[in-house]
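Structure at a glance
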Amino acid sequence: MKFLKVLCLLVGLAMILAVMGCGAAPAAPAAPAEEKPAAEAPAKAKKEYKDLTVCYPQLGAESDWRTANSASLKETAEKLGVKLVFSDAQQKQENQISAMRACIQQGVDVVALPPVVEDGWDAVLTEAKDAGIPVIIVDRSVSADKSLYAAHIGSDMVLEGKKSGEEMNKLLPEGGKIIELSGTTGSGAAVGRAKGFRETLAKNIEILDSQTGNFTTAEGKPVMEAFLKKYAGEIDGAFIHNDNMAIGAVEAIKAAGLKPGDIKIVSVDGTRGGFQLMIDGWVQADVECNPLLGPQVLEMALKLANGEAVEPETLTNETVYFPDKAAELLPSRQY
Ligand code: AHR
């Protein structure tokens, strides 16, 4: 009986406590799981010069300008620790294209292409683009769509032609007859210089003839010999697209018994050879074309390899040299 009373008492007490809310505390809501930071994608390491492989399918070794251009690329690459895949296409576009394809196959970071001629690059530029390899056009221009390459670094060839025309006008103020010894047919340098020259040349100066000497001394000489035979006694001036052809032309002019200044010559490049021709009185003006493009090209290549934006067009600042300062400047010429 006593046990029954105690039991009733306990049950009653439990009921009162439940009504008063003194029951077992409800389970606390689960603490929010500690928030973990979203896993960050590992940042792509920035390339340095020592990580960079640049392809330079050089177009040839036709001139002192070209030799200086190759040396500039090689020396700068060595100084910076860039791996340079260099080749010499011997002035043949098909060799440049094969060299470029080999570089694409190899997976270089950037191709820097000095194109021998303007046309015919679309296919290989598209291949480079599809492979994700940016291309810098160096020195001469291409006619391909700008979307196929990243940038162009080089000279304004039309401006060089205009400067040459201005100098010829000053040399022949009364007018006269001239010949043109042109660079490689279809090259951006020859096309641009011829265009700019014609745009500026005075109306009283007649271009008797224009032939290519392919930018070489060896080919420039026979072309000048042929001009001298064909237009004997008629030639007052010569526009020669580079100093190496001027060297060949002067050999022909000397052999024909003419004296310095009998034919007024405007040449292009500003090489040591051109300076010597000015000192000796054969060339009256030498329009600069700067081949020392290595530092600019490799700096841009690094930016492109790191996905950075670059200037689509970088034109070299150039001047015109004259005989009066040639002897003073020659010792400091780098090419
Ligand atoms: O494209 C630049 C030209 O090419 C230079 O004037 C000439 O010397 C070289 O061969």
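Preceding this section is the structure that the text describes.
Residues numbered from 1 in each chain as written. Predicted model: local features only at pLDDT ≥ 70, side-chain atom pairs only at ≥ 80, totals over all residues. Heavy atoms only, no water.

Turning our attention to the environment of Asp286. Assignment of secondary structure puts Asp286 in strand β10 (residues 285–288). Spatially, the C-alpha atoms of Asp286 and Ser267 are 4.8 Å apart, while their sequence positions differ by 19 residues. Filtering out sequence-adjacent residues up to four positions away, Asp286 remains in contact with Asp243, Ser267, Val268, Asp269, Gly270, Thr271, Gly274, Phe275, Met278, Val320 and Tyr321. In terms of polar contacts, Asp286 uses its side chain to reach the backbone amide nitrogen of Val268, at 3.4 Å. (Helix = DSSP H or I, 4+ residues; strand = E, 2+ residues; numbered from the N terminus. Contact = heavy atoms within 4.5 Å. Polar contact = N/O pair within 3.5 Å; in protein donor to acceptor, adjacent residues only side chain to side chain.)

Moving on, we come to the sheet that holds strand β2 (residues 83–88). The strand order β2-β1-β3-β4-β5-β11 describes an open sheet built from 6 strands, whose pairing is parallel. The sheet is open, and its two borders are formed by β2 and β11 (313–315), each paired with just one other strand. Each adjacent strand pair in this sheet contributes to an overall mean axis angle of 15°, direction not counted. As paired strands, strand β3 (residues 110–113) and strand β4 (residues 135–138) are joined by 3 bridges and run parallel to one another. Within β4, the position partnered with Val111 by the bridge is Val135. On top of the sheet, helix α10 (residues 294–305) reaches β1 (53–58), β3, β4, β5 (151–154) and β11; it is set at about 165° to β4, its chief contact. (Pairing = 2+ DSSP bridges. Axes fitted to C-alpha atoms, helices over the stretch in contact; angles between N-to-C directions.)

Another aspect to go through is empty space enclosed by the protein. Taken as a whole and assessed by the stated rule, the structure comprises 1 cavity of 30 Å³ or more. Approximately 90 Å³ is the volume found for the largest cavity. Lining the largest cavity are 13 residues, with Trp65, Arg66, Arg140, Arg193 and Phe215 sitting closest to its centre. Of all the secondary-structure elements, those providing two or more residues to the lining of the largest cavity are α2 (64–80) and α6 (188–200). Within the lining of the largest cavity, the residues separate by chemical class into 5 nonpolar, 2 polar and 6 charged. Counting residues domain by domain, the lining of the largest cavity receives three or more from each of domain 1 (49–154 + 292–314) and domain 2 (157–289). (1 Å grid on protein atoms, 1.4 Å probe; cavity = no way out; pocket = protein on both sides within 12 Å on 5 of 7 lines; lining within 4 Å. Points joined across faces, edges and corners; volume = space filled by probe spheres on them. Nonpolar A, V, L, I, M, F, W, Y, C, P; charged D, E, K, R; others polar. Domains from an automatic or database assignment.)

A word on the side chain of Asn244. Tracing the backbone through its elements, the reader meets Asn244 in helix α8 (residues 243–255). Setting aside residues no more than four positions away along its own chain, Asn244 makes contact with Ser63, Asp64, Trp65, Phe215, Thr216 and Thr217.

Next up on the list: the sheet that holds strand β12 (residues 320–321). An order of β7-β6-β8-β9-β10-β12 is seen for the 6 strands of this open sheet, with the pairing classed as mixed. The open sheet is flanked by β7 (205–212) and β12, the only strands paired with a single partner. As defined by bridge partners, strand β9 (residues 264–269) adjoins β10 across 4 bridges and the pair is classed as parallel. Its bridge partner being in β10, Asp269 is matched across the sheet by Glu288. Seen against the sheet, α8 touches β6 (176–182), β8 (237–240), β9 and β10 and runs at an angle of roughly 155° to β9.

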